[in-house]
Structures are given as C-alpha cells and as structure tokens.
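# Structural description and commentary
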Amino acid sequence: MNYVSTRDNQKNFTFKDVFLKGLANDGGLFVPKSIKQFKKDELNNLYNLSYNDLAAEIIYPFIGDFMSKDELIFLISKSYSNFRSNDVVQISDLGKLKVLELFHGPTLAFKDIAMQLIGNFYQYHLGRDQKRINIIVATSGDTGAAAIDALKGKSNLNIFVLHPNNKISPVQRKLMTIHDESNVFNIAVEGNFDDCQNLVKAMFNDEKFSKAINMSGVNSINWARIIAQSVYYFYAYFKVGNGKPLTFCVPTGNFGDIYAGYLAKKLGLPVDKLIVATNKNDILHRAISGGDYTQKKVEETNTPSMDIQIASNFERLLYDVKDCNSEITKDVMSKIKNNTYKIDKNDLDKIKKNFTSEMLDENETVEMIKTINNEHKIVVDPHTAVGIGAARKLGLEKNCVVLSTAHPCKFPQTIEDAISKTEELPDSLNYVYNRKEKFELLPNDIEKVKSYVMNSI
Ligand SMILES: *Cc1c(COP(=O)(O)O)cnc(C)c1O
C-alpha cells in the first residue's frame with residue numbers, strides 16, 4: 001500500500017517510512033493513497049475470527065511491504081499474550097448500552113493495544129537493520145506507560161518519556177517509573193503536559209539533534225497505532241452488531257481512537273454515527289456541533305488523557321473532507337495555526353454525516369460515575385464516564401457501543417470523589433505499589449533535556 005502526506009500527496013511512501021517517521025517532513029500526517037473496502041462476502045468471512053486472527057486480516061493490507069502475513073500473525077499473538085482478557089478486549093452490558101472494555105493490557109489503558117504491537121514492529125525492524133534508535137515521547141499519563149511497557153528491554157532502542165511532574169496520578173507514574181531495564185528513561189518536567197509536548201517537538205525540529213540521536217516517535221499520530229485500533233471496531237460489530245449498523249461513542253482527545261473507527265467505516269464496516277465525547281477542553285465538540293475550531297488554553301480536568309488544545313489527528317479527517325486535496329489541506333492547517341479557521345457549512349455537513357459530539361464537564365463526569373455505580377453496581381473510569389454520559393445526553397443509546405478506555409484504578413482520586421471508595425489495581429499488578437521508582441527531575445529547559453538525552457545514550 002502506498003501512503004501520502006496530507007500536505008503533499010504527490011510523493012509516495014511505504015508503510016515502513018510511515019511507521020518510522022511518524023510525521024511527514026512537510027508537517028503533514030500520513031494517510032493511505034487509496035483504501036480498498038471489504039466486500040460484503042469478505043466481511044462475512046471475518047465474522048467468527050478470534051481477535052488475533054481478525055487483527056491480522058485488518059492490518060495486513062496496510063503493511064504488506066513490511067513483513068509477511070505469517071510474521072504479522074506471530075507478532076500479533078506475541079503482543080497480546082500478556083493481556084488479562086483471552087480475546088484482548090471484552091464487551092459488557094450497561095442497560096441499553098454496550099461497553100467495549102479496552103483496558104485489559106499491561107498498563108490498564110487502550111493504548112496498550114496499539115503500543116504492544118508497535119513495540120514488536122520496532123524489534124522486528126531493528127533486528128533486521130541493526131540501527132539503534134531513540135524514541136522520545138511526551139505523556140499526560142497513559143501513553144508513556146504503554147510505550148515503556150511495550151519497548152522496555154527491546155534491543156537497539158531507548159525509550160525516553162517526558163511527563164509533567166506531579167500532574168499525573170501516582171498509579172500512572174508508577175506504571176512508568178518502576179522499570180529497571182537499562183533502555184528506559186523517565187523525565188519529570190517541571191511544567192505541564194503542553195511543555196512536555198513542546199520539548200519533544202523542539203527536539204524533533206532540531207534536525208541536527210534528531211539526526212544525531214536517530215530519533216523516532218510513537219505518539220498518537222503514528223499510522224500504525226490507528227490501524228491497530230481499527231480492529232476492535234470490527235470485533236465489536238461482529239460480537240454485538242446483529243447485522244445492524246452500530247454507533248460508537250469514543251472518549252476523545254487527539255482524535256486518534258475515533259479516527260480508527262472512521263477508518264473501519266471507510267473499510268466497509270456498517271457504522272452509523274461516531275460520537276466524539278469530550279471534557280471541557282471541547283474544541284472538537286465546538287467544531288463538530290458548530291464549526292468553531294479555535295484553540296483555547298488547556299484546562300486540567302479529572303480526565304487528563306483528554307486535556308488537549310488541538311486534536312492532531314483531525315487533520316486526517318479534514319484532508320478527507322477536502323476531497324484529498326493536499327494544497328487546500330495545507331492552507332487550512334496554516335489557518336488553524338494562526339487560530340483563524342472556521343469550518344464552513346458544506347464541510348460541516350460532510351462531517352456531520354459520520355460524526356456527532358457531546359461534552360461533559362468535571363462535575364458531570366463525577367456524577368456520571370456515581371449514577372452508573374448506583375444503577376449498575378460497576379465502577380467506570382472518568383474517561384469512560386464521559387463517553388457514557390455523552391451517549392445518554394444525545395439519546396443515542398440504541399445499538400451503541402461506548403469505548404471504555406481505561407481501568408478505574410488509574411484515577412483513584414476521581415473515583416473516591418464519586419463513590420467514596422478506593423479502586424484497587426487488578427491482583428496481577430499489585431507488585432507495582434512496592435517497586436522502587438526511578439526518574440530524573442528536570443526544568444522546562446530544552447538545553448537541559450537535550451543534554452540529559454545525549455548523556456544517557
Ligand atoms: C489517550 C486516551 C484517550 C484519548 O484518545 P485519543 O486517541 O487521543 O482521542 C481517552 N481515554 C484514555 C483513558 C486515554 O488514555
């Protein structure tokens with residue numbers, strides 16, 4: 001399959017380029033040049049497959065030039081062998097709604113599903129080409145843990161994770177800092193998540209530095225993550241769709257997870273609406289409901305993994321809406337950068353064919369956790385509560401699957417606020433509490449961070 005950048009679709013790239021680069025040199029995101037839909041009988045053939053076999057069928061067409069199908073099948077089963085659910089994910093009932101539990105991986109959030117596979121893709125590639133790379137990533141909590149778990153101990157690579165000091169939950173921090181593999185480096189930055197992201201961007205953009213250390217990234221714009229996430233939309237449809245189109249409601253930050261649902265729809269999966277559920281950092285809700293895509297300052301909330309100013313993967317949707325015209329997309333992106341972009345009515349109508357949106361503030365989120373606990377005797381994490389609340393507010397609970405993106409024990413304070421109970425880690429993760437933590441505290445200073453990286457490798 002050939003890929004192009006959303007900002008220049010004249011040049012072709014292979015999956016290997018796309019996977020290793022993450023972002024195109026022109027600042028655009030990689031997308032497939034064209035997508036082949038599954039025909040009806042091809043979809044029917046996927047019906048009874050196990051999660052792993054289904055993953056191979058969905059992912060292989062996107063990466064065929066990178067490895068053989070047998071190699072892919074082997075890496076998929078290796079990636080998911082340590083999940084606490086036999087079939088990787090689970091689906092439960094919540095009244096009229098279905099809940100797709102995506103948090104049964106090693107670090108208790110959906111990001112494990114893509115990241116474990118990416119870790120094995122790296123190992124496969126580096127094992128053959130013998131190039132040592134340094135992966136640097138900023139996290140507001142979940143990405144860093146998932147990346148470290150997927151990459152710790154792998155040969156020929158180091159993983160550096162920048163997190164905002166004292167701004168993530170202790171469980172989130174411990175899941176990153178308790179590892180003693182020599183290729184894992186945690187940096188606690190005296191600043192917020194935006195500062196961490198800006199430091200990583202500055203390192204990427206410093207060509208001399210990023211070339212010198214052979215820098216790579218695993219953030220949510222990486223196309224490999226998107227395709228790995230599309231799989232569970234298919235899986236859910238085959239388990240609970242009963243032949244009818246499903247609506248999916250997705251707690252959304254960077255628009256990666258929900259874009260994977262959009263990709264599933266483009267691949268031919270019967271999907272009705274995709275509901276974008278946000279917290280009060282509601283740029284996407286404002287955009288989809290009324291065309292307003294102006295950035296505001298990020299506010300910290302009790303759903304930290306959705307605290308974003310701008311949703312990077314939205315560029316992929318805009319490229320589609322602009323009929324794959326990369327010149328126009330480039331122009332739109334520069335307007336977005338200057339904070340002067342408004343989605344026009346024609347484009348908004350196109351977006352609304354596939355998407356709708358809703359927002360929950362912090363109080364509503366806590367109330368929703370409480371209500372769900374009262375009604376159904378289960379505890380959901382705050383991000384999942386935003387998803388459930390959004391589907392309820394919109395009255396779209398019929399044939400609707402809400403993605404449950406994290407285990408509630410990762411956000412103990414909010415759970416405590418809601419139901420006055422502490423939520424324990426699953427037994428298999430109890431060891432996390434007693435392990436020694438290791439991280440470097442650094443000021444929000446690009447030179448200090450760069451020299452720490454240089455001196456560590
Ligand atoms: C990352 C994350 C999200 C947001 O996913 P995007 O792909 O950035 O939209 C939602 N919930 C949890 C728990 C997360 O870790």
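Residues numbered from 1 in each chain as written. Predicted model: local features only at pLDDT ≥ 70, side-chain atom pairs only at ≥ 80, totals over all residues. Heavy atoms only, no water.

## Here we look at the sheet that holds strand S7 (residues 157–164)
Sheet strands pair via backbone hydrogen bonds, and the direction of the pair is either parallel or antiparallel. On the basis of which strands lie adjacent, the open sheet formed by five strands has the order S9-S6-S7-S8-S14 and parallel pairing. The open sheet has two edge strands, strand S9 (215–216) and strand S14 (440–443), and neither has a second partner. Sheet analysis places S7 next to strand S8 (residues 184–190), joined by six bridges and oriented parallel. Within the sheet, the bridge partner assigned to proline 164 lies in S8 and is valine 189. (Pairing = 2+ DSSP bridges. Helix = DSSP H or I, 4+ residues; strand = E, 2+ residues; numbered from the N terminus.)

## Description of the environment of isoleucine 351
Tracing the sequence through the fold places isoleucine 351 in helix H15 (residues 345–354). A relative accessible area of 2% places isoleucine 351 in the buried class. On a C-alpha basis, the gap between isoleucine 351 and alanine 287 in space is 9.8 Å, while along the polypeptide they are 64 residues apart. The contacts of isoleucine 351, once residues within four sequence positions are left out, are Ile288, Phe314, Leu317, Val321 and Ile343. (Buried < 20%, exposed > 50% of the residue type's maximum accessible area, 1.4 Å probe, protein only. Contact = heavy atoms within 4.5 Å.)

## Overview of the site of the ligand
Around the ligand sit 15 residues in total, of which Lys111, Asp142, Gly253, Asn254 and Asp257 are the nearest. One nitrogen or oxygen atom from the side chain of aspartate 142 is found 2.5 Å from an oxygen atom belonging to the ligand. Within the backbone of glycine 253, an N or O atom sits 2.8 Å from an oxygen atom of the ligand. By residue class, the composition of the shell around the ligand is five nonpolar, seven polar and three charged. (Near = heavy atom within 4 Å. Polar contact = N/O pair within 3.5 Å; in protein donor to acceptor, adjacent residues only side chain to side chain. Nonpolar A, V, L, I, M, F, W, Y, C, P; charged D, E, K, R; others polar.)

## Description of unusual backbone geometry
The phi dihedral of asparagine 214 falls on the positive side, at around 55°, and the residue is not glycine. Of note in this structure, asparagine 339 is not a glycine but carries a positive phi near 60°. Inspection of the secondary structure assignment puts asparagine 339 in the loop between helix H14 (326–337) and H15.

## A word on helix H8 (residues 193–205)
Every α-helix carries 3.6 residues per turn, so stepping three or four residues along brings you back to the same face. Between its first and last C-alpha atoms H8 spans 18 Å; for 13 residues at 1.5 Å apiece the expected length is 18 Å, and the two agree. Against the buried residues of H8 lie strand S6 (133–138), S7, S8, helix H9 (207–212), S9 and helix H19 (446–456). For H8, the side-chain oxygen to backbone nitrogen distance between the N-cap and aspartate 194 is 3.2 Å, and the N-cap itself is asparagine 192. (Expected span 1.5 Å × (residues − 1).)

## Some details on the packing of aromatic side chains
Inspection of the entire model under this criterion finds 29 aromatic pairs. Ring centres of tyrosine 259 and tyrosine 262 lie 5.6 Å apart, and the angle between their planes is 55°; this geometry places the pair in the tilted category. Residue tyrosine 259 and its partner tyrosine 262 are located together in helix H11 (residues 256–266), separated by three residues, close to a single helical turn. Each member of the pair, tyrosine 259 as well as tyrosine 262, is classed as buried. (Phe/Tyr/Trp six-rings, centres within 6.5 Å; stacked < 30°, edge-to-face > 60°.)

## Examining the pairing of strand S10 (residues 246–251)
Most of S10 is tucked away, with six of its six residues classed as buried. Burial of S10 is two-sided: the residues Leu246, Phe248 and Val250 facing one way and the residues Thr247, Cys249 and Pro251 facing the other way are all buried. Relative to strand S11 (residues 271–278), S10 runs parallel, the two being bridged by five bridges. Paired with phenylalanine 248 across the strands is leucine 274, a residue of S11. Of the crossover connections in this fold, the one passing from S10 over H11 to the parallel S11 is right-handed. (Right-handed = clockwise from strand over helix to strand, strands pointing away.)

## A word on the sheet that holds strand S2 (residues 8–13)
Taken in spatial order, the three strands line up as S2-S1-S3 in an open sheet, and their pairing is antiparallel. Of all the strands in the sheet, just S2 and strand S3 (30–32) have a single pairing partner and so form its edges. Between one strand axis and the next, the sheet turns by 40° as a mean value, whatever way the strands run. In terms of strand pairing, strand S1 (residues 3–5) meets S2 through two bridges, oriented antiparallel. Note that in S2 the partner of serine 5 across the bridge is aspartate 8. (Axes fitted to C-alpha atoms, helices over the stretch in contact; angles between N-to-C directions.)

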